[in-house]
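Overview (structure and organization)
Now for the letters of each chain:
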Amino acid sequence: MELFEAIKARRSIRHYKPDAIPEEKINTVLAAARWAPSWSNCQPWRFVLVQDKEKKARLAKTLAPANRALQSIKEAPMVIVLCAKLGCSGFIGGKSIPDKAELWYMFDVALAMQNLTLMAHSLGLGTVHIGWFNPQEVAQILNIPDGVTVVEMTPLGYPAEKGRAPSRRELAELVFYESYSHGTLNR
Ligand SMILES: Cc1cc2nc3c(=O)[nH]c(=O)nc-3n(C[C@H](O)[C@H](O)[C@H](O)COP(=O)(O)O)c2cc1C
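These lines cover the structure that appears in this document, whether it is placed above or below. (Residues numbered from 1 in each chain as written. Predicted model: local features only at pLDDT ≥ 70, side-chain atom pairs only at ≥ 80, totals over all residues. Heavy atoms only, no water.)

**Some details on unusual backbone geometry**
Located in the positive-phi region is Q43, a residue other than glycine, with phi close to 50°. Inspection of the secondary structure assignment puts Q43 in the loop between helix 2 (23-34) and strand 1 (45-50). The partly exposed category is assigned to Q43, whose relative accessible area is 29%. Residue N143 is not a glycine yet carries a positive backbone phi of 55°. (Helix = DSSP H or I, 4+ residues; strand = E, 2+ residues; numbered from the N terminus. Buried < 20%, exposed > 50% of the residue type's maximum accessible area, 1.4 Å probe, protein only.)

**Describing the site of the ligand**
Every one of the 14 residues lining the ligand counts as a neighbour, but R11, S12, R14, N67 and R168 are closest to it. At 3.0 Å, a backbone N or O of G131 approaches a nitrogen atom of the ligand. Considering the ligand on its own, with 620 Å² of exposed area, one finds that the protein chains cover 66% of that surface. In terms of residue class, the shell around the ligand is built from 5 nonpolar, 4 polar and 5 charged. (Near = heavy atom within 4 Å. Polar contact = N/O pair within 3.5 Å; in protein donor to acceptor, adjacent residues only side chain to side chain. Areas by Shrake-Rupley, 256 points an atom, 1.4 Å probe, with all protein chains shown as cover. Nonpolar A, V, L, I, M, F, W, Y, C, P; charged D, E, K, R; others polar.)

**Looking at the sheet that holds strand 5 (residues 148-156)**
The sheet built from 3 strands is open, its strands ordered 1-2-5 with antiparallel pairing. If you trace the sheet from one side to the other, it starts and ends with strand 1 and strand 5, each paired once. Averaged over all pairs of adjacent strands, the angle between their axes in this sheet comes to 25°, without regard to strand direction. Each of strand 1, strand 2 (78-85) and strand 5 touches helix 5 (residues 104-122); the most contacted strand, strand 5, lies at about 15° to it. (Pairing = 2+ DSSP bridges. Axes fitted to C-alpha atoms, helices over the stretch in contact; angles between N-to-C directions. Contact = heavy atoms within 4.5 Å.)

Right under this line is the structure:
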């Protein structure tokens, strides 16, 4: 699949078929995540794969009831919970850098997740980033140790819906030339 086509056609998928995912596809999706760049190549991401029905039901309960992705956690054959090992991303020589030190692991995990979602899409699988849930409850359910934090989760499986593309802002609204300006294209 051509890269730009994959980027544009990937959608948040919130309904899934129960069909099992071949092991090979799961491994390819995880391998793509593993090849993401990270701060000092520290690779803080950790992936917890959940297939157990009862555990998925418990994870679903950690989502806010109004979360549109709630059913997806129960429907998909697998849920991947993305965690980050703390204390390396945003650190140099054991010391945290002054600006955004606490945020760089989020950045790294997002890069891994972007690879994961695009690779899944190219293999005919669906995903959806889920950030609106109670991470403390998830940590308890999955026995996440101290020093590791839960960042987000995604169902993984064959889509039972197409998903509609929400529109994107025009580049003219987002891109500035030479300095930041308000409103219109700065060119
Ligand atoms: C960091 C992040 C957190 C998100 N959390 C949720 C969520 O909790 N529930 C949900 O239904 N969608 C969630 N989404 C999906 C977005 O709503 C979706 O990506 C956006 O509307 C664009 O749609 P698209 O992914 O189909 O292009 C999240 C996306 C991101 C990037």
